[in-house]
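If you want the building blocks of each chain, they are given just below.
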Amino acid sequence: RMAAVPPLRSQPLLSGGRFGNPWPTWTPLWSTGKVWARLSGGVNAHADARTPAVPAGLHPVRPVTADELTASDNLVCWIGHATVFMRVCGVNILADPIWADQLGVDLGITKIGRKRLRSLPLQLDQLPRIDFVLISHNHMDHLDLPTVTRLHELSDPTFLVPMGLKEWFTATGIAKAVEFTWWDCKADLHPALEFHFVPAQHWTGRNLLFDYCKSLWGGWVITSSGDASGPRVYFAGDSGYCRCATCNTTLTMPACLKKSVTLLARLTCLSSLSVPRRHEFRCRRSTLA
């Protein structure tokens, strides 16, 4: 039986221009325990298991076309890693788009970072026109400069981003970026949809010496405007485990979450997408199916 913990606050902490998680289960990245774990190899003890070679016999990636992606008003296609294409009420949306073959720091002669293990089902220029791009946070495996720059050139979509990240987009020449903080809901971006930004236990930083947690992180909920029976989608982004006392609707949630958010269940899946039965706090049990 899980021990009771203090009620969770649903607003991010903000101190000295840096955001923080409000829950007692969170410890800062530079805490003594985490630093020691990294130095002693505890955090990376299973690094090899996290980056395996592609096993023999694994089903090949199925290529998809723009026609398939627009064949229905409501469908989803998992592109790879955290990247998902969603068509909701006929609106084309990308979440955390990554089309790079390798992530990390480009040193000119070489690039330091993880390489893609699985091929992409289609290339950026093969996508249908994208209306919105959702960004969960600024880590390099969720926000890739060449990818968003190319998307801007191809479709000029509106980028929905966490608080503190619009400045980064402006610096890249992308003006159509709208910032959200936790529980923000915007219904004026498209007549058919409402966009909600919801909490996650995580952190941010592309250069830890200068920008650690200077922008927010979170997940996204998309609902159809004025239609309670319409599709509702939850995209978690990245999160960390966070205990709660009840794992039910006594947590502070917007109305779209209180009614058992449909996690892509009403959408046609073009490729296999495993969706964990967990809500935005990564609790053991949840009323959200």
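Look above for the structure.
Note that the structure is predicted; figures quoted are calculated from it, not measured.

**Observations concerning the overall build of the protein**
Right, on to step 1. Summing up its helical and strand segments, the protein has six helices and 15 strands in all.
Right, on to step 2. In the protein, which comprises 289 residues, the share counted as buried stands at 44%.
Right, on to step 3. Nonlocal contacts in the protein, meaning residues at least 24 apart in sequence, comprise 63% of its contacts between residues at least 6 apart.
Right, on to step 4. Of the roughly 14,800 Å² that the protein leaves accessible, carbon and sulfur atoms contribute 55%.

**Thoughts on the sheet that holds strand β13 (residues 219-224)**
Right, on to step 1. Within the open sheet, the four strands sit side by side as β11-β12-β13-β14. Their pairing is antiparallel. In this open sheet, the two strands that pair with only one neighbour each are β11 (185-190) and β14 (232-235). Strand-to-strand twist of the sheet, defined as the mean angle between neighbouring strand axes without regard to direction, takes the value 20°.
Right, on to step 2. Examined bridge by bridge, β11 and strand β12 (residues 193-198) share three bridges and lie antiparallel to one another. Residue pairing across strands places K186 opposite F195, the latter belonging to β12.

**A short note on the environment of G226**
Right, on to step 1. Following the sequence through the fold, G226 ends up in the loop between β13 and β14.
Right, on to step 2. Spatially, the C-alpha atom of G226 lies 8.7 Å from that of L193, the residues being 33 residues apart in sequence.

**Considerations on helix α4 (residues 145-155)**
Spacing of three or four residues puts side chains on the same side of an α-helix, whose turn is 3.6 residues.
Right, on to step 1. Residues of α4 that are buried include every one of T147, V148, L151 and S155, and no others. Seen along its axis, α4 keeps its buried residues to an arc of 90°; they face one direction. Set apart from the buried face of α4 by more than 90 degrees, the exposed residues are P146 and E153.
Right, on to step 2. Those residues of α4 hidden inside the fold are in contact with β5 (91-95), β8 (132-134), β9 (158-162) and α5 (166-171).
Right, on to step 3. In the stretch just after α4, D156 is the one whose phi turns positive, near 50°.

**Focus on the side chain of T147**
Right, on to step 1. By secondary structure assignment, the location of T147 is in helix α4.
Right, on to step 2. A distance of 2.5 Å separates a polar atom in the side chain of T147 from a polar atom in the side chain of D144.
Right, on to step 3. The contacts of T147, once residues within four sequence positions are left out, are P97, I98, W99, A100 and L124.

**Description of the nonpolar core**
Right, on to step 1. One finds M86, I93, L134, F195 and I222 to be the most contacted residues of the largest nonpolar core, which totals 34 residues.
Right, on to step 2. Every element with two or more residues in this core is listed here: β4 (83-88), β5, β8, β12, β13 and β14.
Right, on to step 3. In terms of residue count, β12 provides more of this core than any other element does, four residues in total.
Right, on to step 4. In this structure F195 touches I93, F132, L134, L160, F180, D184, C185, K186, L189, V221 and I222, once residues within four positions along its chain are discounted.
Right, on to step 5. In terms of nonpolar packing, the next biggest core, distinct from the first, is built from 24 residues, L122, L127, F159 and I174 among them.

**Topic: the pairing of strand β10 (residues 177-180)**
Right, on to step 1. Where β9 lies against β10, four bridges are found, and the strand directions are parallel. Each residue of the ladder has a partner; that of F159, found in β10, is A177.
Right, on to step 2. Note that the unit made of β9, α5 and β10 has a crossover that is right-handed.

**A closer look at the packing of aromatic side chains**
Right, on to step 1. Tallying each qualifying case throughout the model produces seven aromatic pairs.
Right, on to step 2. Note on F180 and W220: the rings are 4.8 Å apart at their centroids and 80° apart in plane angle, and the pair reads as edge-to-face. Separated by 40 residues along the polypeptide, F180 in strand β10 and W220 in strand β13 bring together distant segments of the chain.
Right, on to step 3. The class of F180 is buried, set by a relative accessible area of 0%.
Right, on to step 4. Judged by relative accessible area, which is 0%, W220 ranks as buried.

**Comments concerning unusual backbone geometry**
Right, on to step 1. In this model, H81 sits at a positive phi of 50°, which is unusual for a non-glycine residue.
Right, on to step 2. Considering the arrangement of structural elements, one finds H81 in the loop between β3 (75-80) and β4.
Right, on to step 3. The exposure class of H81 is exposed, given its relative accessible area of 52%.

**As for the pattern of salt bridges**
Right, on to step 1. Evaluated as defined, the whole model comprises four salt bridges.
Right, on to step 2. Ionic pairing is found between D73 and R87, a salt bridge with its closest N-O pair at 3.6 Å. Separated by 14 residues along the polypeptide, D73 in the loop between α3 (66-69) and β3 and R87 in strand β4 bring together distant segments of the chain.
Right, on to step 3. With relative accessibility at 45%, the residue D73 sits in the partly exposed group.

Rules of the game
- Residues numbered from 1 in each chain as written.
- Predicted model: local features only at pLDDT ≥ 70, side-chain atom pairs only at ≥ 80, totals over all residues.
- Heavy atoms only, no water.
- Helix = DSSP H or I, 4+ residues; strand = E, 2+ residues; numbered from the N terminus.
- Buried < 20%, exposed > 50% of the residue type's maximum accessible area, 1.4 Å probe, protein only.
- Contact = heavy atoms within 4.5 Å.
- Areas by Shrake-Rupley, 256 points an atom, 1.4 Å probe, with all protein chains shown as cover.
- Pairing = 2+ DSSP bridges.
- Axes fitted to C-alpha atoms, helices over the stretch in contact; angles between N-to-C directions.
- Arc of directions from axis to C-beta.
- Polar contact = N/O pair within 3.5 Å; in protein donor to acceptor, adjacent residues only side chain to side chain.
- Core = buried A, V, L, I, M, F, W, Y, C linked by side-chain atoms within 4.5 Å.
- Right-handed = clockwise from strand over helix to strand, strands pointing away.
- Phe/Tyr/Trp six-rings, centres within 6.5 Å; stacked < 30°, edge-to-face > 60°.
- Salt bridge = Lys/Arg side-chain N within 4 Å of Asp/Glu carboxyl O.

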